[in-house]
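Topology and contacts: notes
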Amino acid sequence: MAAASWYHRDISRVVAEELLAKAGRDGCFLVRDSESVSGAYALCLLFQRHVHTYRILPDDEGLLSVQTIQGIQAKCFRNLPDLIGAYQQPNNGLVTPLLYPVHRARQAADEDSDGEDGRGGRHVASTVPAGGAGAGAWLGAPVAGRTHISQQLHQRLQEQVHSSPASDFMGFMAEYLNHHLQLDLEALRHGHPQLRHLSTALVTACRALHRRIDFTLAGLETLARVFDPPVSPRSPAREQVSPGHRSPRPPAGASDPDLELLLNKISTVNHLLSSLEKKVLKSLQETVSRHNLALPSVAAAPPPAAKPLAVQSFEVKVGKSQRAALMVDVESGTVAISKRGSGSPEETIPQDKILQLIKYQSVQSKVRLVYDREPQRNLSKDFIFPSARKREAFCQLLQLMKIQHSNLDEPDLISVYVGTWNMGSTPPPRSLASWLTSRGLGRTQDETTACIPHDIYVIGTQENSLGDREWVEFLRASLKTLMAIDYRVVALQCLWSIKIVVLVKPEHERRISHVHTSSVKTGIANTLGNKGAVGVSFLFNGTSFGFVNCHLASGSEKTHRRNQNYSDILRSLVLGDKRLGAFDLTLRFTHLFWFGDLNYRLDMDVQDILVHITKKEFEALLAVDQLNLEREKNKVFLRFSEGDISFPPTYRYERGSRDSYMWQKFKPTGMRINVPSWCDRILWKSHPETHVVCNSYGCTDDIVTSDHSPVFATFEVGVTSQFVPKKAPGSGPEPLACIEWESIEVIVKTASRSKCYIEFHSYCLEEAQRSGENTSQSCDVPGFLKLGWSAKHLPVLNPILPDLEYLGDQHLLLSIKGVESCESYGECCIAMRSMISSMAQQFETFLFHRGEETGSMRGWMKVRVPKDRRSTRERLYEWISFEEEDAEPVADAPTCPKPPLQRLRSRPHSLPEPASGYTNPAYFIFEGVP
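It should be emphasised that the depicted structure is a prediction, and the values quoted were computed from it without experimental measurement. (Residues numbered from 1 in each chain as written. Predicted model: local features only at pLDDT ≥ 70, side-chain atom pairs only at ≥ 80, totals over all residues. Heavy atoms only, no water.)

**Re the overall build of the protein**
Heads up, the rule is: Runs of H or I in DSSP of at least four residues are treated as helices and runs of E of at least two as strands, each being numbered from the N terminus. Residue contacts are defined here by distance: any two heavy atoms, one from each residue, within 4.5 Å place the two residues in contact. For every accessible area listed, the method is Shrake-Rupley and the probe measures 1.4 Å; residues are considered covered only by the protein chains on display.
The number of helices and strands found in the protein is 16 helices and 37 strands. When contacts within the protein are restricted to residue pairs at least 6 apart in sequence, those whose partners lie at least 24 apart make up 67%. Here the protein displays about 44500 Å² of accessible surface, and carbon together with sulfur accounts for 53% of that area.

**Overview of the pattern of salt bridges**
Any two side chains of opposite charge can pair if their charged atoms end up close together. Where we set the bar: When a carboxyl oxygen of Asp or Glu lies within 4 Å of a side-chain nitrogen of Lys or Arg, that pair is called a salt bridge. For each residue, the accessible area found with a 1.4 Å probe, counting protein chains only, is set against the maximum for its type, and the residue is called buried under 20%, exposed over 50%, and partly exposed in between.
By the definition in use, this model includes 38 salt bridges. Ionic pairing is found between Arg571 and Asp10, a salt bridge with its closest N-O pair at 2.8 Å. Of this pair, Arg571 sits in helix α12 (residues 559–572) while Asp10 sits in the segment before α1 (13–23); the two residues are 561 residues apart in sequence, bridging distant segments of the chain. A relative accessible area of 33% places Asp10 in the partly exposed class. Across the salt bridge formed by Glu853 and Arg639, the nearest N and O atoms sit 3.1 Å from each other. Here Arg639 lies in the loop between α15 (626–632) and β22 (641–642) and Glu853 lies in strand β36 (residues 852–864), a separation of 214 residues in the sequence. Its relative accessible area of 8% is what places Glu853 among the buried residues. Salt bridges sharing common partners tie together Glu473, Arg476, Asp486, Arg488 and Glu509.

**Quick notes on the sheet that holds strand β1 (residues 28–33)**
Within a sheet, each strand pairs with its neighbour through backbone hydrogen bonds, oriented either parallel or antiparallel. Here is the rule: Being paired, for any two strands, means DSSP has found at least two bridges between them. Throughout, an axis means a line fitted to C-alpha atoms (over the contacting stretch in the case of helices), and angles, computed between N-to-C directions, take values from 0 to 180 degrees.
Pairing is mixed in the open sheet, where 5 strands are placed in the order β4-β3-β2-β1-β5. This sheet does not close on itself; its edge strands, each paired only once, are β4 (64–66) and β5 (100–101). In the sheet, β1 pairs with strand β2 (residues 41–47) via 5 bridges, with the strands oriented antiparallel. If you follow Asp33 over to β2, its bridge partner there is Tyr41. Its contacts with the sheet put helix α2 (residues 80–87) on β1, β2, β3 (50–58) and β4, and the angle it makes with β4 is roughly 30°.

**A closer look at the packing of aromatic side chains**
For clarity, the threshold we go by: Aromatic rings from Phe, Tyr and Trp, taking only the six-membered ring of Trp, are treated as a pair when their centres fall within 6.5 Å; an angle between ring planes under 30 degrees marks them as stacked, one over 60 as edge-to-face, and anything in between as tilted. Geometrically, a lysine NZ or arginine CZ counts as sitting over a ring once it is within 6 Å of the ring centre and also within 35 degrees of the ring normal.
Taken as a whole and judged by the stated rule, the model has 26 aromatic pairs. Note on Trp421 and Trp435: the rings are 5.7 Å apart at their centroids and 70° apart in plane angle, and the pair reads as edge-to-face. With Trp421 in strand β13 (residues 413–422) and Trp435 in helix α10 (residues 433–436), this residue pair connects regions lying 14 residues apart in the sequence. Take Trp435: its relative accessible area is 0%, and that puts it in the buried class. With centroids separated by 5.9 Å and ring planes inclined at 85°, the aromatic side chains of Phe618 and Trp678 adopt a geometry described as edge-to-face. With Phe618 in helix α14 (residues 618–622) and Trp678 in the loop between β24 (670–673) and β25 (680–686), the pair connects residues that are 60 residues apart, well separated along the chain. Of the two residues examined, Phe618 and Trp678, each falls in the buried class. Aromatic rings pair up to connect Phe538, Phe545, Phe547, Phe593, Trp684 and Phe715 into one cluster. Over the ring of Tyr600 we find Arg562; its NZ or CZ atom is 5.2 Å from the centre of that ring. The ring of Tyr757 has Arg770 lying over it, and the distance from NZ or CZ to the ring centre is 3.6 Å.

**Notes on the confidence of the model for the protein**
Stated formally: Each residue carries a pLDDT score, the predictor's own confidence in it, on a scale running from 0 to 100.
In the predicted model, the protein carries a mean pLDDT of 81, and the fraction of residues at 70 or more is 74%. Overall, residues 161–167 carries pLDDT values under 50, and its contacts beyond four positions in sequence, including any with other chains, amount to 6 contacts. Contacts of residues 885–917 to residues separated by more than four positions or lying in other chains number 49 contacts, the stretch itself having pLDDT below 50.

**Topic: α12**
Stated formally: Here, expected helix span is obtained from the residue count minus one, scaled by 1.5 Å.
Under the 1.5 Å per step criterion, the end-to-end length of α12 is 20 Å for 14 residues, consistent within 8% with the ideal 20 Å. Looking at α12, one finds that the buried residues are Thr559, Arg561, Arg562, Asn563, Asn565, Tyr566, Asp568, Ile569 and Leu570. On its buried face, α12 sits against β18 (512–521), β19 (532–540), β20 (543–551), β21 (591–597) and α15.

**Details of the environment of His691**
Note the cut-off: Under the rule applied, a polar contact is a pair of N or O atoms within 3.5 Å (in protein, one hydrogen donor and one hydrogen acceptor; residues adjacent in sequence only if both atoms are side-chain atoms).
Secondary-structure assignment places His691 in the loop between β25 and β26 (692–699). Distance from His691 to Thr590, taken between C-alpha atoms, is 9.9 Å for residues 101 residues apart in sequence. If we skip the residues at most four places from it in the chain, His691 touches Leu413, His591, Glu716, Val717, Gly718 and Tyr877. Engagement of the side chain of His691 in a polar contact is seen with the side chain of Glu716, the distance being 2.7 Å.

**Digging into a nonpolar patch on the surface**
Inclusion rule: Patches were defined on residues exceeding 30% relative accessible area and lacking a salt bridge, with like-charge contacts within 9 Å and nonpolar side-chain contacts (Val, Leu, Ile, Met, Phe, Trp, Tyr) within 5 Å.
Among the surface-exposed residues, Phe666, Met671 and Ile673 lie close enough to one another that they form a single nonpolar patch of about 340 Å² accessible area. With respect to the secondary-structure elements, Phe666 resides in strand β23 (residues 664–667).

**Re the sheet that holds β25**
In space, the 6 strands of this open sheet follow the order β18-β19-β20-β21-β25-β22, with mixed pairing throughout. Each edge of the open sheet is held by one strand with a lone partner, namely β18 and β22. Sheet topology note: the β18/β19 ladder contains 8 bridges and is antiparallel. Each bridged residue has a counterpart across the sheet, and for Ser518 the counterpart in β19 is Gly535.

**Digging into unusual backbone geometry**
The peptide bond linking Tyr651 to Arg652 adopts the cis configuration, its omega dihedral lying at 5°. A positive phi angle, close to 60°, is found at Asn91, a residue other than glycine. Relative to the helices and strands, Asn91 is located in the loop between α2 and β5. With phi around 55°, Asn541 is a residue other than glycine that occupies positive phi space. The residue Asn541 is located in the loop between β19 and β20 in this model.

**Brief notes about the pairing of strand β8 (residues 334–339)**
Examined bridge by bridge, strand β7 (residues 322–329) and β8 share 6 bridges and lie antiparallel to one another. The residue bridging Met327 from the neighbouring strand is Ala336, located in β8. In this structure, β8 lies alongside strand β9 (residues 347–350), joined through 4 bridges in antiparallel fashion. Along β9, the bridge assignment pairs Ile337 with Glu347.

**Describing the side chain of Thr586**
Structurally, Thr586 is set in the loop between α12 and β21. Overall, the relative accessible area of 4% leaves Thr586 in the buried class. Within the structure, the side chain of Thr586 is placed 2.6 Å from the side chain of Asp584, a separation counted as a polar contact. Side chain to side chain, Thr586 and Lys685 meet in a polar contact 3.1 Å long. Beyond its immediate sequence surroundings of up to four residues, Thr586 is in contact with Tyr566, Leu570, Leu592, Phe640 and Lys685.

**Side note on the environment of Arg658**
Following the sequence through the fold, Arg658 ends up in the loop between β22 and β23. Sequence separation between Arg658 and Asp701 is 43 residues, and the spatial gap between their C-alpha atoms is 6.7 Å. When residues no more than four places from it in sequence are discounted, the contact partners of Arg658 are Tyr653, Asp701, Ile703, Val704, Ser706, Asp707, His708 and Ser709. Here the side chain of Arg658 touches Ser706 through a polar contact of 2.6 Å, landing on its backbone oxygen. Within the structure, Arg658 has its side chain in polar contact with the backbone oxygen of His708 (distance 3.4 Å).

**Digging into the nonpolar core**
Stated formally: Only buried residues count toward a nonpolar core. Its members are Ala, Val, Leu, Ile, Met, Phe, Trp, Tyr and Cys residues joined through side-chain atoms within 4.5 Å.
Counting residues in hydrophobic clusters, the biggest one holds 46 residues, and the most contacted among them are Val416, Ile456, Phe538, Phe545, Phe547, Phe593 and Phe715. Among all residues touching Ile456, those that are not within four sequence positions of it are Ile414, Ser415, Val416, Tyr417, Val502, Leu503, Val504, Phe538 and Phe540.

**Remarks on the pairing of β26**
Among the 8 residues that make up β26, 6 are buried, leaving the element largely enclosed by the rest of the structure. In this structure, strand β14 (residues 441–443) lies alongside β26, joined through 3 bridges in antiparallel fashion. The residue bridging Arg443 from the neighbouring strand is Tyr697, located in β26. Two strands pair when backbone bridges link them, and β26 and strand β27 (residues 711–718) are joined in this way by 7 bridges, in the antiparallel orientation.

Given below as structure tokens:
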């Protein structure tokens with residue numbers, strides 16, 4: 001099977017149809033893995049410009065056969081080549097014989113495994129000060145406060161440097177003796193013999209060796225597989241051994257001296273690494289005992305006690321020129337308004353009297369406060385803050401006040417912090433305060449809100465050389481020092497040096513359930529974990545969250561490879577509810593956050609980039625940002641959102657400062673140019689009609705240990721809780737809510753003519769439901785299939801609870817599947833909130849499959865709710881809305897209007913908007929628009 005070039009493994013249906021369309025001849029065929037049945041295959045055959053798909057299924061004995069209609073005897077074969085050979089003959093039941101195999105493309109060469117972004121074997125030498133000083137001169141620099149034992153060991157090391165070719169390695173060891181030996185000695189004196197800092201230094205120093213061995217062993221394994229006995233595609237894959245656990249053995253009778261020398265070297269390295277720590281530990285123990293050392297304590301200061309949030313004051317303008325001060329007291333739950341220069345407040349408003357905050361979109365620093373003051377009913381006042389950031393801080397404090405003084409048992413709103421940092425294979429600095437409090441460059445937190453603790457912290461790192469436990473405890477200790485809260489660990493997932501950590505406040509620990517973790521390798525041949533992704537998913541009460549941290553292929557010319565990495569991760573990460581495994585990963589969660597070192601670069605000359613950065617002309621650079629360009633082409637991150645970038649590129653800085661970019665890199669193959677770029681990004685995608693607001697997006701400017709700057713983003717996220725009906729069940733039959741469909745029309749990008757059905761999934765349904773076959777079908781436009789369902793062929797769905805408050809938070813997931821193949825042509829998500837009505841409401845949405853946009857769906861539906869179950873309540877995030885400058889409040893309007901629903905994508909302004917148009921301009925041809 002390894003030689004069967006017509007077997008394309010796990011490519012998608014869309015890619016298979018594109019390959020056949022390019023081939024263009026009747027009888028062209030290929031075989032791919034089935035998307036609907038594990039262990040089965042799909043035979044794709046082109047005939048008269050349409051693709052026909054046949055399922056190849058295994059029986060209990062492992063024999064393969066093409067699925068046939070009931071009553072027809074199936075022909076069985078031992079393997080795929082035999083089956084394909086038989087169907088190359090005429091009159092075998094296919095629309096045409098298999099004539100022309102479509103060959104799979106050769107795997108493109110991956111990036112070299114030494115890690116462009118990591119500290120390569122000779123990177124340390126470039127950090128030596130100018131003037132030709134070598135490692136010996138650097139090691140001889142005096143270090144203030146060095147103890148006698150440290151000086152003695154340092155002198156020994158300096159003597160070794162002159163006779164050792166490994167000066168870069170000695171640089172790491174000198175760093176350990178200078179800065180971390182004291183900490184290991186102190187820990188040893190207190191009975192902790194782990195020598196954590198020595199372990200970290202050794203891991204960092206040996207990273208280049210680790211990469212090189214991985215690279216070499218991967219090649220050796222590939223060569224070994226060439227001489228393995230051939231197997232059929234259905235044979236189970238051989239269990240792969242991770243690079244860290246390979247044990248090379250010489251072949252019997254091996255006599256090549258070079259090979260023996262290599263094996264001896266590897267054996268020696270193994271022996272040294274396993275014995276070095278014991279040797280150092282014994283030496284230090286003897287030194288402590290012999291000199292009776294009493295080292296000064298280096299214990300960290302105790303974390304500050306939790307303090308109530310201080311009263312915050314904001315200078316504002318009221319009306320055109322009058323100046324005033326707003327005093328926000330979160331603890332007492334009041335907002336006081338006082339005139340400038342006045343000692344006492346003119347008016348004090350309790351939090352329960354504040355009805356609404358209206359943010360003006362045309363004036364980013366303006367807000368309207370609507371409040372209740374008896375007996376004059378509702379009053380409103382407009383305030384203009386010095387900046388948009390001050391306005392956001394004021395709104396966040398009022399939101400926090402509402403949350404703290406609410407009587408809810410479960411939260412409606414939580415804050416989520418997401419951080420990503422490529423650490424460059426070096427230990428972090430002692431303090432991560434600026435990163436964890438969103439301070440630095442870009443859209444940052446105001447000082448009045450920076451130290452308000454978030455409910456959830458999600459930290460993603462790449463090229464992280466610290467041990468897993470050490471990194472988690474370092475993060476927890478940092479947060480405890482900053483926030484005086486002992487955060488709990490929800491999950492830790494690692495893939496080599498790619499790590500993701502999820503931490504939550506202690507009071508939320510019981511609200512977290514259904515935690516899943518997963519990882520995907522996308523390094524060389526998708527077998528090495530130097531590139532790839534780690535993910536975590538969980539439920540927060542009734543809201544599903546997904547988080548993905550990735551490290552994609554490096555190099556300015558590797559855009560296509562990065563796109564493929566994204567696709568591989570999307571397809572292979574196993575996260576979320578298993579019942580939704582057939583759905584696109586981006587549809588399985590209420591909120592999905594995707595971040596990491598995405599490695600997309602700027603397509604511009606490096607000197608021009610530097611000029612734009614100096615002038616802070618970021619818009620010109622964002623126009624040539626590869627990620628933005630690929631998203632515009634719908635290649636990656638479809639329908640994801642990203643905050644506005646107002647900070648400089650985060651890569652590739654000179655280590656030790658943020659003043660200049662180190663854009664030249666010297667390698668054995670020559671000089672490589674790494675243009676400054678926004679490699680480190682944070683994006684998100686949420687279900688329609690949910691609440692998520694990005695409050696900050698930026699990078700630090702004071703953490704300089706890596707050539708990447710840490711990036712942060714903070715979010716205000718609406719969540720739901722387990723719903724408890726207010727009306728007790730009676731003795732009679734319970735009234736039912738109904739989801740009724742009048743019609744559904746679908747357009748999918750496909751060359752198939754297959755009949756289809758629709759599957760309906762939702763947490764509000766007891767089980768998945770399915771429709772009948774489509775009642776209308778046409779393929780007048782090449783490459784598209786138009787399908788229709790009438791009400792008779794669509795099921796009436798009955799949610800498990802009929803309450804309006806419950807149904808307003810629910811979503812329906814729909815999947816269009818072929819009747820013959822049972823494979824998905826696309827999936828979508830519909831929010832039920834705007835569909836609740838006694839009259840049918842129109843909806844339209846996109847279809848997605850494996851990260852690609854595959855079509856469009858529109859139709860009419862309604863969600864009917866019993867009259868006695870229509871009560872609801874205002875969410876804590878619904879009292880803040882947006883309004884244009886010229887919009888005035890209506891006297892009899894509701895006090896808490898909801899923001900208008902936004903369409904997924906607007907029709908081009910140059911075209912008139914039809915009464916019922918498609919969301920995608922590619923489908924306007926079906927409306928008669930050229």
